[in-house]
Each structure stands twice: as C-alpha cells, then as structure tokens.
Amino acid sequence: METGQQEQFAEIDKLRDELLTNIKCDVEPPKQLDSREVLTRIENVILGMVATLSKDEAPVLALPSRSEWANVSFDSAVGLQMIAGSSVTTVRSDCPLSVKRFAQIFKILSIIYKLVQSNSYATKRDIYYNDTQLFGYQRTVDCIVDDISCMLQVPRRTLHVLATSKGFLCGDLSYLEDGGSRVNCLSSSAAVPVSSNVAGIKNIVSSAKFVLIVEKDATFQRLIDDGFCSKLCPCIMITGKGFPDVNSRLMVRKLWDTLHIPVFALVDADPHGIEIMCIYKYGSVAMSFEAHNLTVPSVMWLGLLPSDLQRLRVPQDMLIPLTQRDENKLDSLLRRPYLASQPSWQKEMDLMRQNKVKAEIQSLSAIGPDFLSKVYLPNKLRYGGWI
C-alpha cells in the first residue's frame, strides 16, 4: 500500500484495532435451528390447539407484543432485545373481532410447515397470493410472519419465508449466493441488490477497510456517480433506501461478523436520520426478538452531524426548521435506553434541539457540487471525524 493510502486509512485502522480488542465482548448469536426443530415448534402450537378443543374450549394464540418498550431491555453488546416473560396479545378463535386474524395465522402456519417440510422457499408476496381474499393486504402477511417468527422464537429465514430486498451494495466485495452464483460488486457497472437470502451467502471476499451505510438512495447513487468507492478504495457501501428492511440489516451484520471492519453511518442531520442509524446499531422494538442477528453495536456516526452545519457554515437557506413532530421525535430518542451510553450523540442532538434546525446530506452540495465525495467524507475518514 502506498504511503498516501496508509495515511488515509490510519485512523480507520486504529479504530479497527480498538474494535478487535473488544470483539471478545460481543455476544455470539444463537445457533441456527434445524428444520426438525422448527417443525416440532409448529406442531407444539397445533397440539396445544387440539388439547384445548378436546376440553370443549376455544383455541387461543398468545403472541408476544412487539410494539411495547416495556418488553425490551438494552444490552450494549447486543442492542434492544426482547425480555423473557414479555406481555402477550391473545388472538381468540371464538371472538368476532379476532377470528379472522386467528384464521390468517393458522393459514400461514400451515404454509410455513409445508415449506420447511419440503425444504422449499416462498416470498411473503407468494404467501399473500396464496389467499388474497383471506389476507386482504400484503402488510397483513408481513406482520403475521414476523409474529410467528417471534412466537416460535425462530429467525424468519429459518421459516423458509423470504422477502424481496430493497437495499443495494457496491464496492470491494464478492461472495457466493445460495444458488451457487458468484456476485462481484466491484466489477458490476451498477449497484448490486442485497440478496433476499442473506443467510445463504458464503465465501465473502473483500479487502475493504470500512463499510459505509448511506441512509438515502439518492445520496448513495450520487456517491457512485462521483466514483467514491474508487477514490476511497477499498471500501463497501450499502443503503437500505431509508428505513432499512430486514435483509439490509442482516447484510450489514453479516459483513461485520465476517470482516470485522469499522461500520460508519451517513444519515441526514435530523431525528429521522438518527433513528435509522440507531436501528442499524441497536435494533428496533418490533424486531427485538431477533436482535442477535440484526444489530451492529459498533456502528459509528460519521455524519451529517449537527455540529458540522456550523463548522462548515452550511448556507442558512439549506437549513430546515424543526417541526413539532421533529422535536417530539428528538425527545423520544433522547429518552431511549441506549442514548445513556452515547454522551457525544446526546451533545449533537442537544445542539440540534437548541438551534431548532435540521439538514439533509444534500445540503452540502451548496458548498460545492462534489463537496460530499471529494472533501467531506475523505476528511472525516482520514482524521477520525466520527462519534
């Protein structure tokens, strides 16, 4: 490596060394269950229904609540994770308000059972079209699949249910997909879609020094057009195109588990962008039951920092006043358990609240059309401008 490149990545290499010394503290994800165990767990649910019917009682399904903060705890090595004995929502088969949902859950359970038994896969879209009249909306299927995954304490991919990915990758990365095809992100002329079966990816090869999570697709595409990956080679860029889907989060986690290189987040300097970064880093309440597979607590906030707006003198007309909704979201974020361990993040968020302005990453284009790719990011990475 040339001297210039060594200097360019010196701070990143130092960060990686720090992360590697703490890697022993990482909590190992639980072992993946085999098909027989998944089938047994489904059978136990059905046997419970049969036992209830034998007593002339109406079957009831108890689903752990995936929307309550009271049901999660925070562990700095894992993120937000569902606690044992969480409160549940009951779905009764004899209640007019829930009988349809009971039938929907039972139907999807039977589809999953057949998929696992036959070692075949289906997308959530396939399941929806299995009985559109019963399900009504795609979102109904999406939610129930996650509810079943949580109820059985089984990762969704182990249920043989896949979801179409919305994320994209580019940079110094190649790997083997489940079907045996080799994907080379570096040689591709465009960004590569994140696989719908991240668990099936093998033989990851990369010389990347870091992974850059980019919040927005527009910024991601602009960085590609500016040749960012070539200028700061070797690196990997990924975007979940806003609020990340599960596959994008799984991919970031897989890259961390495999490569153990620093992961940086580039998000808007607003409450929404901060929340998206927190989802990659600490997870979400809704998916807290699968935190071990989805979170990367080592994610660092690279930008756009509220303090950058003052430091770089971003033009006033590029700053956007915070709305009441923004302020409420900011207050909500500051109350979350993981912020207590991030004083530097709190300081930036307090500054945002004090100045009552937010800004998009694109606001840097007011300083120069390629300021983001040629100046801002290279300097941040070279001089350790992350928190």
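The rules we used
Residues numbered from 1 in each chain as written. Predicted model: local features only at pLDDT ≥ 70, side-chain atom pairs only at ≥ 80, totals over all residues. Heavy atoms only, no water. Helix = DSSP H or I, 4+ residues; strand = E, 2+ residues; numbered from the N terminus. Expected span 1.5 Å × (residues − 1). Buried < 20%, exposed > 50% of the residue type's maximum accessible area, 1.4 Å probe, protein only. Pairing = 2+ DSSP bridges. Phe/Tyr/Trp six-rings, centres within 6.5 Å; stacked < 30°, edge-to-face > 60°. Axes fitted to C-alpha atoms, helices over the stretch in contact; angles between N-to-C directions. pLDDT = per-residue confidence, 0-100.

1. Regarding helix 7 (residues 138-152)
The terminal C-alpha atoms of helix 7 lie 21 Å apart, and with 15 residues this matches the ideal 21 Å at 1.5 Å per residue to within 8%. Within helix 7, twelve of the 15 residues are buried, leaving the element largely enclosed by the surrounding structure. For helix 7, the set of buried residues is Q138, T140, V141, I144, V145, D146, D147, I148, S149, C150, M151 and L152. Q153 lies just past helix 7 and shows a positive phi near 55°.

2. Structural notes on the pairing of strand 14 (residues 263-266)
For a regular strand, side-chain orientation follows a simple rule: the groups alternate between the two sheet faces. Alternating positions in strand 14 separate into two faces, V263 and A265 on one and F264 and L266 on the other, with burial throughout. Of the pairings in the sheet, the one linking strand 12 (residues 211-214) to strand 14 comprises four bridges and is parallel in character. By the bridge assignment for strand 14, V214 is matched with L266. Relative to strand 15 (residues 300-303), strand 14 is paired through three bridges, and the arrangement is parallel. If you follow F264 over to strand 15, its bridge partner there is M300.

3. Observations concerning the packing of aromatic side chains
In total, this model carries eight aromatic pairs according to the counting rule given. Taken together, a centroid distance of 5.5 Å and an interplanar angle of 75° make the contact between W301 and W345 edge-to-face. Placement of W301 in strand 15 and of W345 in helix 15 (residues 343-355) is noted, with a sequence separation of 44 residues between them. Members of the aromatic cluster, joined through ring pairs, are F9, F210, F264 and W386.

4. Points about the sheet that holds strand 8 (residues 174-176)
Spatially, 9-8-11 is the arrangement adopted by the three strands of the open sheet, whose pairing is antiparallel. In the strand order of this sheet, the two ends are held by strand 9 (182-184) and strand 11 (202-205), each with one partner. If you compare each strand with its neighbour and ignore which way they point, the axes differ by 10° on average. In this structure, strand 8 lies alongside strand 11, joined through two bridges in antiparallel fashion. Each residue of the ladder has a partner; that of S174, found in strand 11, is V205.

5. Observations regarding the pairing of strand 13 (residues 236-239)
What you see with strand 13 is no split at all: I236 and I238 on one side and M237 and T239 on the other are buried throughout. In this sheet, strand 13 lies alongside strand 7 (residues 168-171) in antiparallel orientation, the contact comprising four bridges. Within the sheet, the bridge partner assigned to G171 lies in strand 13 and is I236. Direction of pairing for strand 12 relative to strand 13: parallel, over a ladder of four bridges. Of the residues in strand 13, the one forming a bridge with V214 is T239.

6. As for the confidence of the model for the protein
Residue-level pLDDT values for the protein average 91, and 96% of them are 70 or greater. By mean pLDDT, the top-scoring element of the protein is strand 14 (98), and the lowest-scoring one is helix 1 (residues 3-8) (67).

7. With respect to helix 10 (residues 246-259)
Taking 1.5 Å per residue as the helical rise, helix 10 with its 14 residues ought to reach 20 Å, and the 20 Å between its terminal C-alpha atoms agrees with that figure. H260 sits one or two residues past helix 10 and shows a positive phi near 50°.

8. Describing unusual backbone geometry
Put simply, G303 and L304 share a cis peptide bond, and its omega is -10°. The backbone phi angle of Q153 is positive, close to 55°, even though this residue is not glycine. Summarising the element assignment, Q153 is placed in the loop between helix 7 and strand 6 (161-162). Classification of Q153 by relative accessible area gives exposed; the value is 62%. One non-glycine residue, H260, lies in the positive phi region at around 50°. Checked against the element boundaries, H260 lands in the loop between helix 10 and strand 14.

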